[in-house]
Amino acid sequence: QTPVYILYHTADKNHQPHVYIAQTGYNISSRISNHNRNRDFWNYALVFVEKGDFLNMNSAHTKIIESILIQKARECNVAIMDNATGSNRPRIQDADLYAAQTWAEEVVVISKLLGLSFFIPAEQAAPDSAGGHPKHKKNTPIQTPKPKSF
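The rules behind each value
- Residues numbered from 1 in each chain as written.
- Predicted model: local features only at pLDDT ≥ 70, side-chain atom pairs only at ≥ 80, totals over all residues.
- Heavy atoms only, no water.
- Core = buried A, V, L, I, M, F, W, Y, C linked by side-chain atoms within 4.5 Å.
- Buried < 20%, exposed > 50% of the residue type's maximum accessible area, 1.4 Å probe, protein only.
- Contact = heavy atoms within 4.5 Å.
- Pairing = 2+ DSSP bridges.
- Helix = DSSP H or I, 4+ residues; strand = E, 2+ residues; numbered from the N terminus.
- Axes fitted to C-alpha atoms, helices over the stretch in contact; angles between N-to-C directions.
- Salt bridge = Lys/Arg side-chain N within 4 Å of Asp/Glu carboxyl O.
- Phe/Tyr/Trp six-rings, centres within 6.5 Å; stacked < 30°, edge-to-face > 60°.
- Lys NZ or Arg CZ within 6 Å of the ring centre and 35° of its normal.
- pLDDT = per-residue confidence, 0-100.
- Parallel < 35°, antiparallel > 145°, perpendicular 65-115°, else oblique.
- Left-handed = near helix turned anticlockwise from the far one by under 90°.
- Nonpolar A, V, L, I, M, F, W, Y, C, P; charged D, E, K, R; others polar.

## Comments concerning the nonpolar core
As a rule of thumb, nonpolar side chains are buried together in soluble globular proteins.
Item 1. In this structure, Ile 6, Ile 21 and Leu 69 are the most contacted members of the largest nonpolar core, which totals 26 residues.
Item 2. Beyond its immediate sequence surroundings of up to four residues, Ile 21 is in contact with Tyr 5, Ile 6, Glu 66, Leu 69, Ile 70, Ala 73, Met 81, Asn 83 and Phe 119.
Item 3. Grouped together as the second largest cluster of nonpolar side chains are eight residues, Ala 22, Phe 41, Trp 42 and Ala 45 included.

## Here's the deal with the sheet that holds strand E1 (residues 4–9)
Item 1. In spatial order, the strands read E3-E1-E2-E4; together these four strands make up an open sheet with mixed pairing. Of all strands in the sheet, those with a lone pairing partner are strand E3 (44–48) and strand E4 (80–81), marking the two edges.
Item 2. Sitting on the sheet, helix H1 (residues 28–38) is in contact with E1, strand E2 (18–23) and E3, with an inclination near 25 degrees to E1.
Item 3. Strand contacts of helix H3 (residues 94–113): E1 and E3, with the helix running at about 145 degrees to E3, the strand carrying the most contacts.

## Remarks on the pattern of salt bridges
Item 1. What the rule picks out here adds up to one salt bridge.
Item 2. Among the ionic pairs, Asp 82 bridges to Arg 39, the shortest N-O distance being 2.3 Å. Here Asp 82, found in the loop between E4 and H3, pairs with Arg 39, found in the loop between H1 and E3; they are 43 residues apart in sequence, far enough to count as distant.
Item 3. Given the relative accessible area of 27%, Asp 82 is considered partly exposed.

## Points about the packing of aromatic side chains
Item 1. One pass over the structure, following the stated rule, counts five aromatic pairs.
Item 2. Measuring from ring centre to ring centre gives 6.4 Å for Phe 48 and Trp 103, while their planes differ by 85 degrees; the resulting arrangement is edge-to-face. Pair noted here: Phe 48 is in strand E3 and Trp 103 is in helix H3, with a separation of 55 residues, a long-range link. Each member of the pair, Phe 48 as well as Trp 103, is classed as buried.
Item 3. Judged by centre distance (5.2 Å) and plane angle (75 degrees), the ring pair of Phe 118 and Phe 119 falls under edge-to-face.
Item 4. The exposure class of Phe 118 is buried, given its relative accessible area of 1%.
Item 5. By relative accessible area, which is 0% here, Phe 119 ends up buried.
Item 6. Through pairs of rings, three or more aromatic residues link up here, namely Tyr 8, Tyr 44, Phe 118 and Phe 119.
Item 7. Directly above the ring of Tyr 20 sits Arg 39, whose terminal nitrogen or CZ lies 3.7 Å from the centroid.

## Quick look at the confidence of the model for the protein
Item 1. Here the protein averages 79 in pLDDT, and 77% of its residues register 70 or above.
Item 2. Counting contacts from residues 127–142, a segment whose pLDDT is below 50, to residues more than four positions away or on other chains yields 52 contacts.

## Comments concerning the packing of helix H2 (residues 59–76) against H3
A pair of packed helices can be characterised by two numbers: the angle between their axes and the separation between those axes.
Item 1. The geometry of H2 relative to H3 is characterised by a closest axis approach of 9 Å and an angle of 50 degrees between their N-to-C directions. Relative to H3, the element H2 is oriented oblique. Here H2 runs over H3; the crossing is right-handed. Every residue of H3 that contacts H2 at His 61, Ile 64, Ile 65, Ile 68, Leu 69 and Lys 72 is listed here: Asp 96, Leu 97, Ala 100, Gln 101, Trp 103, Ala 104, Val 107 and Val 108.
Item 2. Of the residues in the contact of H2 with H3, the class split is ten nonpolar, two polar and two charged.

This is how it looks when you write it as structure tokens:
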């Protein structure tokens, strides 16, 4: 299984969320542990793993999903992105591309349901936010704290 994950802090001193979106074909706990040592901005992580019933994801799928999510977050222009570049999109069959796009949209929906603002365009947001951006509705996300150590 190749997870897609999002490291984030809901708001910095400028009231903007800080986000890093990635995928890994490696052990997710070692990747999170590495980020815990090398990326100090984040307090929370969301990890999305497909259990094999829908897509049987491989690294090509997750690279596409990662790329879609990075592009979407950049287009929304709400969060400070910690990603230096987007992921390269491998070429896959149309059916697999459609499935990856659908899966990425599910990640966006789940993130919004959790009250996270980085996939909501700034111009569509309402004033007064505690969710990370002053233009977003106040909402308290369900969050998993950053691990102290592994």
